[in-house]
Each structure stands twice: as structure tokens, then as C-alpha cells.
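The residues making up each chain are set out below.
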Amino acid sequence: PAAKDLLDRSLANEITQTLQELGHESLYDFLGQGFCIETPISLLRDKAEERYASARRNPCPDTRNSLIQSLAGHARVQFKTAESKKRYDDTLADMAFDGLKGLVAETVEISGSGSIDRSQVDLLVARFSKEARVRPGEVRRVISEFVQSNRWFVSETGGASERR
């Protein structure tokens, strides 16, 4: 598959850090209750403009308001076009996969055998696909490629193993 067009990692990290400081998980969450990847881009754009204008009008500029204004500015840029929205969405998924890979590596390390049990893979797939709203097949593919790239393997419950 072709390489995905992602946000610059430093910009993605800046957005993520600001979101965390304000208690949000994504720009969707920042824009409002119920906003998600399926929300029409026109609504995202309108809400980003509204949040930005509101932060600019605030007569008491403080750190929190500056953070809100910064995020609203990022949301205005990321939700301006379908292409920029896709770039943000792909970056969000890519960063989430980093966390998943960390969980896989930790599980393999704990096993002490260079393997992860298939039942653990199934649990990670179910949990991650639900939390990150990613298709289970995509999650399984990422885990499989990560396991293979590290020369680990997936073991069957009960001890048998399958080299990947």
C-alpha cells in the first residue's frame, strides 16, 4: 500500500499535547459532544470557526483561553478540506497504532518467549477496534506486521505456536 500522507510529527505532537492539557482526546472531541470522524466536514468547519471566534472575543486572555484558541486554529486548518481532514484522521490512527504496538511489545516482553498468545491478540483487536473505531481486520494486520517485523510469533492457546 502507498504511504499515507500524515501531518508533520511535531505538529501532531503539539496538537496532542494541547488536547491533553485541555482534557480532550482529539479535535473531534474538542469541538463538541458527539463529533466524530463521520461528522460532516461542514459542521466541523463551522464549529471550529465558532470556537476560534469565541476564544478571540474572550476579554480575559489566559493560558486556557490561549490553548483553546490554538486548538480551534488547528481545527480550522485540519477541517478546511477533505484532504486536510483525511491527513488528520490518518495521523490520529497512526498515533493510536503506536500505542497498540507498545501494548503488543509489552505483552511479548512479559511472556518471555518472544511470542504473544492468539487470545491476547484477539482481545487487543476487539478492544482497539472499538476504542479507536478502526476495522478489526486493519488492527489485526498492524499487529501481524509488527510481530513479524520484530521476529516474534503468535502462539496458540495451549502452547502450540505459529511463526509469522
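Bear in mind that the values here come from a model prediction, so they are computed numbers and not experimental data.

A.B. asks: Describe helix α4 (residues 63–78), listing the residues and the values that go with them.
C.D. replies: For α4, which comprises 16 residues, the first-to-last C-alpha distance of 22 Å matches the rise-based estimate of 22 Å (1.5 Å per residue) to within 8%. Listing the buried residues of α4 in full gives Asn65, Leu67, Ile68, Leu71, Ala72, Gly73, His74, Ala75 and Gln78. Tucked into the core, α4 has its buried residues touching α1 (9–21), α2 (27–31), α3 (41–57) and α5 (82–111).

A.B. asks: How would you sum up the nonpolar core? Please name residues and give values.
C.D. replies: One recurring pattern in soluble globular proteins: nonpolar side chains tend to sit buried together. Residues Leu19, Leu27, Phe30, Leu31, Leu71, Phe79 and Tyr88 are the most contacted members of the largest nonpolar core, which totals 21 residues. Mapped onto this core, the elements with two or more residues apiece are α1, α2, α3, α4 and α5. Here the element with the most residues in this core is α4; it accounts for five residues. Dropping the residues within four chain positions of it, Phe30 is found in contact with Leu19, His24, Arg51, Ile68, Leu71 and Ala72. One finds Phe97, Leu100, Val121 and Val134 within the second-largest nonpolar core, a separate group that totals 17 residues.

A.B. asks: Tell me about the side chain of Asp117, residues and numbers included.
C.D. replies: Take Asp117: it is sitting in strand β1 (residues 115–117). Of the side chains with opposite charge, Arg118 comes closest to the buried, unpaired Asp117, at an N-O distance of 7.6 Å. Non-local contacts of Asp117, meaning those with residues more than four positions away in its chain, are made with Val154, Ser155, Glu156 and Thr157.

A.B. asks: Please set out the packing of α3 against α4 residue by residue, giving values where relevant.
C.D. replies: Close contact between α3 and α4 brings their axes to 8 Å; oriented N to C, the two are set at 150°. Classified by the angle between their axes, α3 and α4 sit roughly antiparallel to one another. Of the two elements, α3 crosses α4, and the hand of that crossing is left-handed. Contact residues: Ala48, Glu49, Arg51, Tyr52, Ala55 and Arg56 in α3; Asn65, Ile68, Gln69, Ala72, Gly73, Ala75 and Arg76 in α4. In terms of residue class, the contact of α3 with α4 is made up of six nonpolar, three polar and four charged.

Procedures and definitions
- Residues numbered from 1 in each chain as written.
- Predicted model: local features only at pLDDT ≥ 70, side-chain atom pairs only at ≥ 80, totals over all residues.
- Heavy atoms only, no water.
- Helix = DSSP H or I, 4+ residues; strand = E, 2+ residues; numbered from the N terminus.
- Expected span 1.5 Å × (residues − 1).
- Buried < 20%, exposed > 50% of the residue type's maximum accessible area, 1.4 Å probe, protein only.
- Contact = heavy atoms within 4.5 Å.
- Core = buried A, V, L, I, M, F, W, Y, C linked by side-chain atoms within 4.5 Å.
- Lys, Arg positive; Asp, Glu negative; His and termini not counted.
- Salt bridge = Lys/Arg side-chain N within 4 Å of Asp/Glu carboxyl O.
- Axes fitted to C-alpha atoms, helices over the stretch in contact; angles between N-to-C directions.
- Parallel < 35°, antiparallel > 145°, perpendicular 65-115°, else oblique.
- Left-handed = near helix turned anticlockwise from the far one by under 90°.
- Nonpolar A, V, L, I, M, F, W, Y, C, P; charged D, E, K, R; others polar.

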